[in-house]
Amino acid sequence: MQKFIVLILAGFWAVGGSMDASFAGEAAKDSAGSVDAIIAKLRTSPSDASLLDALAKAALSVQKEDVKSRALAICYTGYMLLNRADMAEKAKRVLDKDCAMSDYKHILDTNDVVVVGNCEKCNGTTKIDDVCPDCRGVVPKWTGDVAPNMQNATQCSACQGRGSKPGVGGKPIQCAKCRGMRICTKCNGTGKISIACKICKEGKTRNVNSLKLRTLYNGFLQE
Ligand SMILES: [Zn+2]
Ligand SMILES: [Zn+2]
Ligand SMILES: [Zn+2]
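Residues numbered from 1 in each chain as written. Chains lettered and ligands numbered in written order. Predicted model: local features only at pLDDT ≥ 70, side-chain atom pairs only at ≥ 80, totals over all residues.

1. Looking at unusual backbone geometry
Here's step 1: Located in the positive-phi region is Thr126, a residue other than glycine, with phi close to 70°.
Here's step 2: Its identity as a non-glycine residue notwithstanding, Asn188 has a phi of 55°, on the positive side.
Here's step 3: Within the secondary structure, Asn188 is located in the loop between strand E4 (172-174) and strand E5 (192-196).
Here's step 4: With 14 C-beta atoms counted inside 10 Å, the residue Asn188 sits in the partly exposed group. (Helix = DSSP H or I, 4+ residues; strand = E, 2+ residues; numbered from the N terminus. Buried ≥ 20, exposed ≤ 12 C-beta atoms within 10 Å, placed from the backbone.)

Right, dumping it as structure tokens:
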């Protein structure tokens, strides 16, 4: 499965740059040289996304682990600083797989550049309260014909908490919405319903430590 993912990545990065297999050995030597050349350019233009794209592509055909792992670490931190998390993750996955014992992987794994915390909006529960769409959270005015213990409950908006509505000839019929329960059945009289949090996934938010990232990125470039 992992091999499959790497193949997809290789294909993704190799678009427009396919090479003849017979020159692969030659290309491997060249790509180490081109990695150095791209890194030299990045030192003067560290925010140039097209240079990072070129580096990511070149890194895939490098054999030497120290060169490859450094290039991928630069790609990971550089893409993270540019808010391109998808590309950063791809670089990290190749680093983890192809350079599992490298110093660069160790450095990235022991420096938390992404701080995961509980979502402040939902407090990690993944659910937030929203106004009930049926009763809109409005407690209708007390009319005197509702049981006293329901005074403060959010009543059924269809029958205003009477439990019935005038039918044919004025004869009361049971309210279809609350089935005579008088109280909003959608929210059980709370006026609120629970919905999925709109700003997080699984109750967690990821905050990027930009200062640490920049320090690592500049360090990798200057080595
Ligand atoms: Zn949330
Ligand atoms: Zn309701
Ligand atoms: Zn009703």
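2. Description of helix H5 (residues 85-98)
Here's step 1: Counted at 1.5 Å a residue, the expected span for H5 with its 14 residues is 20 Å, and the 20 Å between its end C-alpha atoms agrees.
Here's step 2: Those residues of H5 lying buried are Met87, Ala88, Lys90, Ala91, Lys92, Val94 and Leu95. (Expected span 1.5 Å × (residues − 1).)

3. Observations regarding the packing of helix H4 (residues 65-81) against helix H6 (residues 103-110)
Packed helices, taken two at a time, are described by the angle between their axes plus the distance between the axes.
Here's step 1: Packing of H4 against H6 leaves a shortest axis separation of 8 Å and a crossing angle of 30°. As far as their axial angle goes, H6 and H4 are roughly parallel. Contact residues: Ser69, Arg70, Ala73 and Tyr76 in H4; Tyr104, Lys105 and Leu108 in H6.
Here's step 2: Across the contact of H4 with H6, the residue classes tally to 4 nonpolar, 1 polar and 2 charged. (Axes fitted to C-alpha atoms, helices over the stretch in contact; angles between N-to-C directions. Parallel < 35°, antiparallel > 145°, perpendicular 65-115°, else oblique. Contact = placed C-beta atoms within 7 Å. Nonpolar A, V, L, I, M, F, W, Y, C, P; charged D, E, K, R; others polar.)

4. Quick look at the packing of helix H3 (residues 49-60) against H4
Here's step 1: Contact pair H3 / H4: the axes reach a minimum separation of 9 Å and the direction vectors enclose 150°. Here H3 lies roughly antiparallel to H4, going by the angle between them. Helix-helix and strand crossings are classified by hand; for H3 and H4 the assignment is left-handed. Contacts between H3 and H4 involve Leu52, Leu55, Ala56, Ala58 and Ala59 from the first element and Lys68, Ala71, Leu72, Ile74, Cys75, Gly78 and Tyr79 from the second. (Left-handed = near helix turned anticlockwise from the far one by under 90°.)

5. So, the pairing of strand E1 (residues 114-118)
Every regular strand shows the same layout, with side chains that alternate between the two sheet faces.
Here's step 1: The buried count for E1 comes to 0 of 5 residues, which makes it a mostly uncovered element.
Here's step 2: Two elements, E1 and strand E6 (residues 204-208), share 5 bridges in a ladder whose sense is antiparallel. Across the sheet, the residue bridging to Gly117 is Thr205, located in E6. (Pairing = 2+ DSSP bridges.)

6. Things to note about the confidence of the model for the chain
Here's step 1: Here the chain shows a mean pLDDT of 83. Residues at 70 or above account for 79%.
Here's step 2: Per-element confidence in the chain is highest for H4, whose mean pLDDT is 97, and lowest for helix H1 (residues 2-13), whose mean pLDDT is 44.
Here's step 3: Low pLDDT (under 50) marks residues 1-25, which in the prediction has 14 contacts with non-local residues, meaning those over four places away or in another chain. (pLDDT = per-residue confidence, 0-100.)

7. Thoughts on the nonpolar core
Here's step 1: Counting 31 residues, the largest nonpolar core has Leu55, Ala59, Leu72, Cys75, Tyr76 and Ala91 as its most contacted members.
Here's step 2: For this core, the leading source of residues is H4, giving 8 residues.
Here's step 3: With residues up to four places along the chain from it excluded, the contact list for Ala59 reads Val35, Lys68, Ala71, Leu72 and Cys75.
Here's step 4: Listed in part, the 8 residues of the second largest apolar core include Cys132, Cys156, Cys178 and Cys187. (Core = buried A, V, L, I, M, F, W, Y, C linked by C-beta atoms within 7 Å.)

8. Focus on H4
Here's step 1: In a regular helix each residue adds 1.5 Å, so 17 residues correspond to 24 Å; H4 covers 24 Å between its end C-alpha atoms and thus fits that length.
Here's step 2: With 13 of 17 residues buried, H4 is to be regarded as a mostly interior element.
Here's step 3: At the C-terminal side of H4, Asn83 shows a positive phi close to 60°.

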